[in-house]
Amino acid sequence: MVVFILKRAGFALLTLVVATAIAFVLVHWSGSSPGVVALGAGATPAEVHAYNVKLGWYDPWIVQYAHWVAQVVQGHLGTSLIDGRDIAADIAKRLPVTAALAVFGTIVSCAAGILMGIVAAVRGGLVDRVVTATAGILLSLPAFWVGVLLVYVFAVQLRLLPATGFVPFSTNPQAWVRSLVLPVLTIAITSAAGIARQTRASMAETLTKEHIRSLRALGTPTSRIIYIHALRGASLPILASIAIQFIVLFGGSVIIEVLFALPGIGQAMQAAVGSADLPFVQALVLVATLVVVVVNLALELLTRALDPKLRAA
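How each quantity is defined
Residues numbered from 1 in each chain as written. Predicted model: local features only at pLDDT ≥ 70, side-chain atom pairs only at ≥ 80, totals over all residues. Heavy atoms only, no water. Helix = DSSP H or I, 4+ residues; strand = E, 2+ residues; numbered from the N terminus. Contact = heavy atoms within 4.5 Å. Lys, Arg positive; Asp, Glu negative; His and termini not counted. Charge placed at Lys NZ, Arg CZ, Asp CG, Glu CD. Buried < 20%, exposed > 50% of the residue type's maximum accessible area, 1.4 Å probe, protein only. Axes fitted to C-alpha atoms, helices over the stretch in contact; angles between N-to-C directions. Parallel < 35°, antiparallel > 145°, perpendicular 65-115°, else oblique. Nonpolar A, V, L, I, M, F, W, Y, C, P; charged D, E, K, R; others polar. Salt bridge = Lys/Arg side-chain N within 4 Å of Asp/Glu carboxyl O. Phe/Tyr/Trp six-rings, centres within 6.5 Å; stacked < 30°, edge-to-face > 60°. Expected span 1.5 Å × (residues − 1). Bend = angle between axes of the 7 residues up to and from the residue. Polar contact = N/O pair within 3.5 Å; in protein donor to acceptor, adjacent residues only side chain to side chain. Patch = residues over 30% accessible without salt bridge, like charges linked within 9 Å, V, L, I, M, F, W, Y side chains within 5 Å. Areas by Shrake-Rupley, 256 points an atom, 1.4 Å probe, with all protein chains shown as cover. Core = buried A, V, L, I, M, F, W, Y, C linked by side-chain atoms within 4.5 Å.

Turning our eyes to something else, we now look at the overall build of the protein chain. A count of helical and extended segments in the protein chain gives 15 helices and zero strands. Principal axes of the C-alpha set define a box for the protein chain whose edges measure 85 × 55 × 35 Å. Expressed as a percentage of contacts within the protein chain between residues at least 6 apart in sequence, the contacts between residues at least 24 apart total 72%. Across the protein chain, the centroid of the 20 positively charged side chains sits 16 Å from that of the 12 negatively charged ones.

Right, dumping it as structure tokens:
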């Protein structure tokens, strides 16, 4: 197990290096430069050149990348070209917003999706067709449209929840929960369908296995067969679907964050790309890639723990 963890950690580190190196090259190919962004359109070419020279923009790329990596190792992600704020501090403020959105959105969508999938696989017939059709409809709904609809119903008409905005947990825990309800529901409605389909397919296959038939013949309670033996046997594809769902939510929550005015990572990425804030873009790519490799590593370890064949390999 130790060797396996070390190998996967090495692959994760290599993934980080490759992803950040590609982002570094793309930033330099963008046609912009720190001097142009920081000094604005009113700066002269000489001023832009002097600013870029000061930052080492014309040094060999490998030298610039090595310098950036050395700064990252020390915990310094650079400063914004737009307003000079510390990037690491800004990301630290935004990270809990996106993390809460991704974690709670994944939990709610998993609970709903797994339940729908189990019901469809166990009941079959009309129930299966209804659940499958419902999942297909939910998959086709744009998240933006669902969010607008929820805002209209719960914020405008019923006035039960805030339409937009975010309140930190440390400021007011109750307001923090209220500010996350609509974004999380939007995610759950549009994400549960994929998990439901995967759960339904995995459970339907597992319920036909020989050991499940043996358990039924032995008189094992149906609930125990379904929720312990069958669900565990079907868990690996479901876990993979959940991990992908979390990664998508963490890295692709721009629409939700913009719609509900949440100051998260997705909103920061949109702003950084739109304003060509090059150091901020590199830092956000690093954070997003780090989340992906950590989730994938956790998934592999969990999969290995659940599958005896993999543990013996």
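So, about the side chain of Gln245. On the secondary structure map, Gln245 appears in helix α11 (residues 235-251). Residue class for Gln245 comes out buried when judged on its relative accessible area of 13%. In this view, Gln245 contacts Ser109, Ser191 and Ile195; residues no more than four positions away in its chain are not counted.

Running from amino to carboxyl end, helix α5 (residues 87-123) crosses helix α10 (residues 222-233) at an angle of 100 degrees, the nearest separation of the two axes being 12 Å. With respect to their mutual orientation, α5 and α10 come out roughly perpendicular. Packed against α5, whose contacting residues are Ile114, Ile118 and Val122, the element α10 presents Ile226, Tyr227 and Leu231 at the interface. Here the residues of the contact of α5 with α10 sort into six nonpolar, no polar and no charged.

Now for the pattern of salt bridges. Inspection of every chain in the model, using the stated rule, returns six salt bridges. The salt bridge involving Asp83 is made with Arg85; its shortest N-O contact spans 2.5 Å. Its salt-bridge partner being Arg85, residue Asp90 comes within 3.3 Å of it at the nearest N-O pair. Residue classification places Asp90 among the buried residues on the basis of a relative accessible area of 14%. Each of the salt bridges in this network shares a partner with another, and the network as a whole consists of Asp83, Arg85, Asp90 and Arg94.

Before going further, it helps to spend a moment on the packing of aromatic side chains. For the structure on display, the rule yields six aromatic pairs. Among the aromatic residues, those joined into a ring-pair cluster are Phe24, Tyr65 and Trp68.

It is worth spelling out helix α8 (residues 173-206) at this point. Compared with the 50 Å implied by 1.5 Å per residue over 34 residues, the 42 Å span of α8 between its first and last C-alpha is markedly short. The sharpest bend along α8 comes to roughly 35 degrees, located at Ser191. Regarding α8, its N-cap is Asn172, as a side-chain oxygen of that residue lies 3.1 Å from the backbone nitrogen of Gln174 further along.

The subject of this paragraph is a nonpolar patch on the surface. Taken together, the side chains of Phe11, Leu14, Val18, Ile22, Leu26, Trp29 and Trp61 make up a nonpolar region of the molecular surface, amounting to roughly 750 Å² of accessible area. For the nonpolar patch, the leading source of residues is helix α1 (residues 2-28), giving five residues. Considering the arrangement of structural elements, one finds Val18 in helix α1.

Here we come to the nonpolar core. In globular proteins that are soluble, nonpolar side chains generally tend to be buried together. One finds Ile91, Leu182, Phe260, Phe280 and Leu284 to be the most contacted residues of the largest nonpolar core, which totals 45 residues. No other element matches helix α14 (residues 278-306), which puts eleven residues into this core. Counting residues in each nonpolar core, the second largest holds 14 residues, with Met203, Ile212, Leu215 and Ile225 among its members.

Glancing now at unusual backbone geometry. In terms of backbone geometry, most residues other than glycine have negative phi values and most peptide bonds are trans. Not every positive phi belongs to a glycine, and Arg159 is a case in point at roughly 55 degrees. Tracing the sequence through the fold places Arg159 in the loop between α7 (143-157) and α8. The exposure class of Arg159 is exposed, given its relative accessible area of 68%. The backbone phi angle of Ala261 is positive, close to 55 degrees, even though this residue is not glycine. As for its position among the elements, Ala261 is in the loop between α12 (254-259) and α13 (265-274). For Ala261, a relative accessible area of 36% puts it in the partly exposed group.

Let's shift gears to the environment of Glu210. Among the structural elements, Glu210 can be located in helix α9 (residues 210-217). Glu210 gets classed as exposed once you look at its relative accessible area, which sits at 52%. With 94 residues separating them along the chain, Glu210 and Arg304 place their C-alpha atoms 23 Å apart. At a separation of 2.6 Å, a polar atom in the side chain of Glu210 contacts the side chain of Arg213.

Now for the side chain of Ser191. Relative to the elements of secondary structure, Ser191 occurs in helix α8. Of note is the side chain of Ser191, whose polar atom sits 2.8 Å from the backbone oxygen of Ile187. Those residues within four positions of Ser191 in sequence are excluded, and the remaining contacts are Ser109, Gln245 and Leu249.

Distances and angles like these do not, on their own, reveal function.
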